[in-house]
Amino acid sequence: MSKQVKQRTKQQASETDKNTQKKTAVRKPPKPGGRAKARAAVAKTKKGKSATAKLARPRVAKTKIAVNVVKAPRPRRPPIKMVPAVAPLPTMVAASAGPITSADISVLAYCRAGFEPDLLTEMMAHLAATPKASWALPGSGFVRATFAPAALKRLHMVLHEPMVFARQIMRAQSTVVALGSVDRVTPIVNAAKEFLTQLSIPNIAAVWVEYPDTNDGKSLSKLSMALQTRITQQLDEMGLVNAQAKRRLHVFLTSKGEAWLGLTDIEHSSSWPLGIPRLRMPADAPSRSTLKLAEAIHIFIGDDDERLFQPDMRAVDLGAAPGGWTWQLVHRGLYVTAIDNGNLRGELVDNAMVRHLREDGFKYRPNKPVDWMVCDMVESPSRIAKLVGLWLSEGWARHVIFNLKLPMKKRFEEVERCSAIIDEMLGDKAERAVLQLKQLYHDREEVTGYCGFPPRARQA
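Residues take numbers from 1 onward in each chain, read along the sequence in its written order. Restriction of local features to residues with pLDDT of at least 70 applies here, the model being predicted, together with a cutoff of 80 or more for giving and counting side-chain atom pairs; totals for whole chains, interfaces and linings are based on all residues. Excluding hydrogens and water, the side-chain figures rest on all heavy atoms present in the structure.

1. Comments concerning the environment of Asn215
You can see Asn215 is positioned in helix α6 (residues 215-218). Counting along the chain gives 76 residues from Asn215 to Gly139, while the straight-line C-alpha distance between them is 9.9 Å. In this description a helix means any DSSP run of H or I spanning at least four residues, a strand means any run of E spanning at least two, and both kinds are numbered starting from the N terminus.

2. Observations regarding the side chain of Glu446
With respect to the helices, strands and loops of the structure, Glu446 is situated in strand β17 (residues 446-452). Any pair of N or O atoms that falls within 3.5 Å is considered a polar contact. Within protein, one atom must be able to donate a hydrogen and the other to accept it, and sequence-neighbouring residues count only if both atoms are side-chain atoms. Of the polar contacts made by the side chain of Glu446, one reaches the side chain of Lys292; its length is 3.2 Å. The contact definition used throughout considers only heavy atoms, calling two residues in contact when any of these lie within 4.5 Å. The residues contacting Glu446, other than those within four sequence positions of it, are Lys292, Asn403, Leu404, Lys405, Leu406 and Gln439.

3. Some remarks on helix α8 (residues 289-301)
Helix span, as expected, comes to 1.5 Å for every residue beyond the first. For α8, built from 13 residues, the straight-helix expectation of 18 Å at 1.5 Å per residue is met to within 8% by its first-to-last C-alpha distance of 18 Å. Most of α8 sits out of view: 10 of its 13 residues are buried. Residue exposure (1.4 Å probe, protein chains only): buried if accessible area is under 20% of the type maximum, exposed if over 50%, otherwise partly exposed. By the burial criterion, the buried members of α8 are Thr290, Leu291, Lys292, Leu293, Ala294, Glu295, Ala296, Ile297, Phe300 and Ile301. Positive backbone phi, at 60°, marks Gly302, one or two positions downstream of α8.

4. A closer look at the confidence of the model for the chain
The quantity called pLDDT is the predictor's confidence in a given residue, expressed from 0 to 100. This prediction gives the chain a mean pLDDT of 83; 78% of its residues lie at or above 70. Across the chain, the element-wise mean pLDDT spans from 39 in strand β2 (residues 49-51) up to 98 in strand β11 (residues 314-318). This model gives residues 21-28 a pLDDT under 50, and the stretch forms zero contacts once residues within four places in sequence are excluded. Low pLDDT, under 50, characterises residues 41-94; the predicted model gives this stretch 44 contacts beyond four residues in sequence or across chains.

5. Digging into the layout of surface pockets
Here a cavity is any set of points on a 1 Å grid over the protein atoms alone where a 1.4 Å probe fits but cannot get out, and a pocket is any open set with protein on both sides within 12 Å along at least 5 of 7 lines; a residue lines the site when it has an atom within 4 Å of a point. Grid points are joined across faces, edges and corners, and a volume is the space filled by probe spheres set on the points. The computed volume of the largest pocket comes to approximately 1000 Å³. Lining the largest pocket are 41 residues, and of these Glu161, Pro162, Met163, Ile299 and Lys438 lie nearest its centre. Residue assignment for the lining of the largest pocket shows that the elements contributing at least two residues are α3 (116-127), α4 (152-160), β6 (168-172), α8, α12 (411-426) and β16 (434-438). Examining the composition of the lining of the largest pocket, we find that five residues originate from one element, α8, more than from any other. For this classification, the nonpolar set comprises Ala, Val, Leu, Ile, Met, Phe, Trp, Tyr, Cys and Pro, the charged set comprises Asp, Glu, Lys and Arg, and every other residue, Gly included, is treated as polar. A per-class count over the lining of the largest pocket returns 20 nonpolar, 13 polar and eight charged.

6. Overview of the side chain of Asp340
As for its placement among the helices and strands, Asp340 is situated in the loop between β12 (335-339) and β13 (354-357). Of the buried charged residues, Asp340 lacks a salt bridge, with Arg358 as the closest side chain of opposite charge at 6.8 Å. Looking at Asp340, its side chain comes within polar contact range of the main-chain nitrogen of Gly342, at 2.7 Å. Excluding anything up to four places from it in sequence, Asp340 contacts Gly319, Ala320, Ala321, His356, Leu357, Arg358 and Glu359. When charges are tallied, Lys and Arg are placed among the positive residues and Asp and Glu among the negative ones, while His and the ends of the chain are skipped. One side-chain nitrogen of Lys or Arg within 4 Å of one carboxyl oxygen of Asp or Glu is enough to make a salt bridge.

7. A look at the packing of aromatic side chains
In this scheme Phe, Tyr and Trp rings, the latter by its six-membered ring, pair at centre separations within 6.5 Å, and the angle between planes marks the pair as stacked below 30 degrees, edge-to-face above 60, and tilted otherwise. Across all of its chains, the model carries eight aromatic pairs by this definition. One aromatic cluster is present, formed by Phe300, Phe309, Trp372 and Tyr450 through successive ring pairs. Definition used: whenever NZ (Lys) or CZ (Arg) falls within 6 Å of the ring centre and also within 35 degrees of the ring normal, the charge is taken to sit over that ring. Its guanidinium or amino end placed over the ring of Trp208, Arg248 lies 3.9 Å from that ring's centre, counting from NZ or CZ. The cationic tip of Arg314 hangs over the ring face of Tyr335; the distance from NZ or CZ to the ring centre is 4.5 Å.

8. What about empty space enclosed by the protein?
Tallying each qualifying case throughout the model produces one cavity of 30 Å³ or more. In this model, the largest cavity occupies a volume close to 40 Å³. Lining the largest cavity we find Tyr110, Cys111, Gly141, Arg167, Tyr211, Pro212, Asp213, Phe252 and Leu274. Here the lining of the largest cavity is composed, by residue class, of six nonpolar, one polar and two charged.

9. Things to note about unusual backbone geometry
Residue Pro322 is bonded to the preceding Ala321 through a cis peptide linkage, with omega at 0°. Turning to its location among the elements, Pro322 is positioned in the loop between β11 and α10 (324-330). With phi around 55°, Ser200 is a residue other than glycine that occupies positive phi space. Among the secondary structure elements, Ser200 is positioned in the loop between α5 (185-198) and β8 (206-210). At Asp350, a position not held by glycine, the phi torsion is positive, near 60°. Structurally, Asp350 is set in the loop between β12 and β13. Take Asp350: its relative accessible area is 77%, and that puts it in the exposed class.

10. Here's the deal with the environment of Arg171
Looking at where Arg171 falls in the secondary structure, it is placed in strand β6. Considering only alpha carbons, one finds Arg171 and Ala109, 62 residues apart in sequence, at a separation of 8.9 Å. If we ignore the near neighbours within four places in the chain, the residues touching Arg171 are Ile105, Ser106, Leu152, Leu155, Leu159, Phe195, Leu199, Leu261, Gly262 and Leu263.

11. As for the pattern of salt bridges
For the coordinates displayed, the defined rule picks out 13 salt bridges. Here Arg332 and Asp305 are joined by a salt bridge, their closest N and O atoms 2.9 Å apart. Residue Arg332 is found in the loop between α10 and β12, and its partner Asp305 is found in helix α9 (residues 305-308); the two are separated by 27 residues along the sequence. With a shortest N-O distance of 3.3 Å, Arg417 and Glu414 are connected by a salt bridge. Of this pair, Arg417 and Glu414 both sit in helix α12, three residues apart, which is roughly one turn of the helix.

12. Quick word on the pairing of strand β15 (residues 397-405)
Across the nine residues of β15, eight count as buried, placing the element largely inside the fold. In terms of strand pairing, strand β14 (residues 370-375) meets β15 through five bridges, oriented parallel. Within the sheet, the bridge partner assigned to Val374 lies in β15 and is Ile401. Handedness of the crossover joining β14 and β15 through helix α11 (residues 381-393) is recorded here as right-handed. Bridging between β15 and β17 involves seven bridges; their strand directions are antiparallel. For Asn403, the partnering residue across the bridge sits in β17 and is Thr448. Note on pairing: DSSP must find at least two bridges between two strands before they are called paired. For a crossover, the right-handed case is the one in which the path from the first strand over the helix to the second runs clockwise, viewed with the strands pointing away from the viewer.

Below, the structure written as structure tokens:
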């Protein structure tokens, strides 16, 4: 064996001994003093092995106190008239009673992603018909359904009355428009001309090119803007665009390769593209929920805003914290009693127009009637519906805006049930009351409602 090999062998052996010594080295006990001294004092030996125990916290024996709680019996609720149940339909394409023809009635509606089956159920309930074909894929952000010609009689009501889950609803063309990869404008213009001729509509006021309100749909926004300008220009050159017309043409892109056409009555449809209001978040508002109330006032009150929200009016906000809805009312000049055990934020603290009471929103009763009651408490929809009915039937408030947190299934049926509860609690006053329910853009798994007694027209 050479000298070099011997030296390497000795080095490896010495390194092995060092590693072995490190592994087998016994840790020296710390010098007594401070925490180390205390630990050493309570050290114990278990099974012949020394171990330093950590200081144990004193254990307090837990004692269970038995409390006998006697629950008050729930009052029996009188039976509620339920809307006839609609048989559930497959969420996609459909049971057909025959081939789709030009005489069939097609409807296209936009909604919040995830609520497509609920919108289809609502649509079927209003039309009192089952579609020949339908598309209501959860997460797609829209519903498309084709009905037999007999549904035309009720379609006018559906298109002219607000629906709960529809942001925008329209009469649609029954067939899809296939778009080329190079020229997308010409197929849309030709289909639009044919669609208007079929419905005997001479012209339109405007063209909106839209897309689903989903992550995939938003990728079509740039394409929609480019197409809208060119389509409007070509239809205008054909004499089909007139600013005074009563209808609007919608081109709904579901992808870069296909589009669906629809028509809305401007007076009875959403005035925002995609049915989404463009509201700016106030910098000093305590929460984004203030946008929900602002949208509700615009949807439900509309042009009567200044008349029904006048300075020095009185309002109660149940479940006010952190104060988004209270902030909206204060900035309209109303004096607000904010009911919530939580804290208000920002400029609402020590505000002369806000009286904050730390009370239960379900137990609070006003000393005298107020103009408005608003409620955004997280509670079961039926309990909120009863609370709304109670405030209006007792005359504690003249107008109420409220929020219903919906279950994950049968949401349209739950909305109908809450409507029936409010109607029942109003009793004879129900004939004079106005009740509207809508899933707003700023709502999530919920709907917002208005119920109140509009001022009577003055007699000359």
